[in-house]
Structure formats: C-alpha cells, structure tokens
Amino acid sequence: MRLQNRVAVITGAASGIGRASAALFASEGAHVVAVDLPGKGLAEAHKDHQGVSTLEADVSAADAADRIIEGTVKAQGRLDILFNNAGVALGGPVESLSDADWDRTMQVNLRAHFILCRAAIPHLRHSGQGRIINVASVMAEGTDYGLAAYSASKAGVAGLTRNLALELGKSGITANYILPGAIVTGMTTNFDDPAIAEIWAKKSPLRRLGEPLDIARAALFLASDEASFITGHGLNVDGGLMLRV
Ligand SMILES: NC(=O)c1ccc[n+]([C@@H]2O[C@H](COP(=O)([O-])OP(=O)(O)OC[C@H]3O[C@@H](n4cnc5c(N)ncnc54)[C@H](O)[C@@H]3O)[C@@H](O)[C@H]2O)c1
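The rules we used
- Residues numbered from 1 in each chain as written.
- Predicted model: local features only at pLDDT ≥ 70, side-chain atom pairs only at ≥ 80, totals over all residues.
- Buried ≥ 20, exposed ≤ 12 C-beta atoms within 10 Å, placed from the backbone.
- Helix = DSSP H or I, 4+ residues; strand = E, 2+ residues; numbered from the N terminus.
- Pairing = 2+ DSSP bridges.
- Axes fitted to C-alpha atoms, helices over the stretch in contact; angles between N-to-C directions.
- Contact = placed C-beta atoms within 7 Å.
- Parallel < 35°, antiparallel > 145°, perpendicular 65-115°, else oblique.
- Left-handed = near helix turned anticlockwise from the far one by under 90°.
- Nonpolar A, V, L, I, M, F, W, Y, C, P; charged D, E, K, R; others polar.

Considering the pairing of strand β5 (residues 131–135)
Most of β5 is tucked away: five of the five residues are buried. Because side chains alternate across β5, one face comprises the buried residues Arg131, Ile133 and Val135, and the other comprises Ile132 and Asn134, equally buried. Pairing of strand β4 (residues 81–84) with β5, which is carried by four bridges, proceeds in the parallel orientation. Looking across to β5, one finds that Asn84 is bridged to Asn134. In this structure, β5 lies alongside strand β6 (residues 174–180), joined through five bridges in parallel fashion.

Topic: the sheet that holds strand β3 (residues 52–56)
Pairing within the open sheet is parallel, and its seven strands lie in the order β3-β2-β1-β4-β5-β6-β7. Each edge of the sheet is formed by a strand with only one pairing partner; in this case those strands are β3 and β7 (234–237). Within this sheet the neighbouring strands show an average axis-to-axis angle of 20°, counted without direction. Across the face of the sheet, helix α1 (residues 16–27) comes into contact with β1 (7–11), β2 (31–36), β3, β4, β5 and β6 while running at roughly 170° to β1.

A short note on the packing of helix α4 (residues 99–127) against helix α5 (residues 148–168)
Where α4 meets α5, the axes come as close as 9 Å, and the angle between the chain directions of the two elements is 15°. The orientation of α4 with respect to α5, classified from their angle, is roughly parallel. By crossing handedness, the relation of α4 to α5 is classed as right-handed. Residues Asp101, Trp102, Thr105, Met106, Asn109, Leu110, His113, Phe114, Cys117 and Ile121 of α4 form the contact with α5, whose participating residues are Ala149, Tyr150, Ser153, Lys154, Gly156, Val157, Leu160, Leu164 and Leu168. Of the residues in the contact of α4 with α5, the class split is 12 nonpolar, five polar and two charged.

Read these as geometric descriptors, not functional statements.
Structure representation (structure tokens):
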C-alpha cells in the first residue's frame, strides 16, 4: 500500500496508460480522481476499480483547473499527486500541418499541464509529499515524420517539468516526467497491423512493445515515498528504444 491515504488526479484515464495507472494507484491505497473527456467510457473503464472516482472534463477547457483541481480538493479534502497524462497525437508534416492541429496539440499536451500544475501547487505544498508526474514521450528527444507538433509539445513538457522541479523543491514537491516508448494503447491503433507492431517491437532491445502497465509501474514509483529524492528527472520507459542512433 505505497500510496495509502494519498489523493491523486490522473488525466486521460479512460484508456491506455491513464486507465492502467488509475487502477494501479488505487490498488496501492490511493484515492484516484480519474479524468477524461465525456463520451470516452470513463465510468465504464473504472466500474471495477475500487478507490477510483471519475470526472468527465476537458483538460484544455477554461474551467479545467477549477473543476479538476479545486473540485478534487473540495471532494477529497487534499491533493498529493498530479499525474498529467492526457495527450493527443495530431497533425502531419510541417508543410501541411494546420494551425488548428498545432494549437490543439499544444493546448492538450502542454498548456493543460501548466494550468493544472499551477492550480495544484498550493495543495501539493500542503500535502508535504506532493508529486507531479508529467507524461512526455521519447518523441521529446527524438522525432518521426509527421510529429512536429507532438514532438514540440513533448519537449515542452520536459522543459516545464524541469523548471517545476527547480521552483518547487523547497516546498517538498517533486516533479518528474516519463518518456514512454512504443506502448499499445488507444493512441497507437496502428499497432493493430502486425507488420507495424513488429517494426516498433524490434526497435527495442527487449523485442517487444510496451504495455500501459509498464508506464503505470514507473509512475507509481515516482509517486511513492521511494522516489522522494528524485526530482527534475526524465525517466525513459521505452524498452531501450532510444539506445541506438
Ligand atoms: N502510446 C504510446 O506509444 C505513447 C508513447 C509516448 C507517449 N505517450 C503519451 O502517453 C499519454 C497517454 O496516452 P495513451 O498512449 O495511453 O493513449 P490513449 O489514447 O489510450 O489515452 C489518452 C487519453 O487522453 C484522453 N484525452 C485526450 N484529450 C483530452 C482532453 N482534452 N481532456 C481530457 N482527456 C483527454 C483521451 O480521451 C484518452 O482517453 C499521452 O500523453 C501520450 O502522448 C504515449
């Protein structure tokens, strides 16, 4: 029970990494507020997960901080862990990338992290063991064709999180980010094609794709007391995908 009596907000929790993390955190004693967009099957995704309550909200909406952060503190009395995980992968090659896809990517993948972190800081300070965990990507450091907006947003998450670590350390709050590799989730339906799945699996020395639980376990570690002296760190959870140049 490594998160006994902690209250955690996890965004993007109807699917993939967020869903697995909400279930894992709750199984370790946390009360989890699982956040996702309406119409994504959020309640259904957690109907068997004791300790998880659900909140339908858009992390990029103007009232997101109020509804998600202040709403959680009002309902649960405290906030100890903010896990910014919601993300989108939109766009295409720079030459044909629309303003709308660029803006939406930045709003969800980067701006929402900032807005929710800023609102959470006073509560995390009060917690005494505050934790921020932001989800970046290996595409924060590398990139691929068509991922200009996505890569830029994820590099932004890395920079934001390092700064949060610097500014919040004196308040006993740690801030770290995870760089997932190729993980089988709702975002990577292209892995349904065995040929594509094999290409990505082979990029890892471990010769497999990642599962949402691989990332959830890393997030659990960063959220736990065991990681209390780790801050400003970017943790690759990618099966070694980034080793080769
Ligand atoms: N799957 C991978 O290979 C991979 C690799 C690197 C990083 N990531 C990152 O992991 C995170 C989780 O993605 P996933 O792979 O589990 O994909 P996923 O599509 O299964 O889950 C993402 C969830 O975020 C939600 N979401 C999107 N926009 C939202 C918004 N505005 N407000 C609230 N919720 C919103 C979606 O509805 C979805 O349920 C993302 O930040 C993604 O960029 C994934």
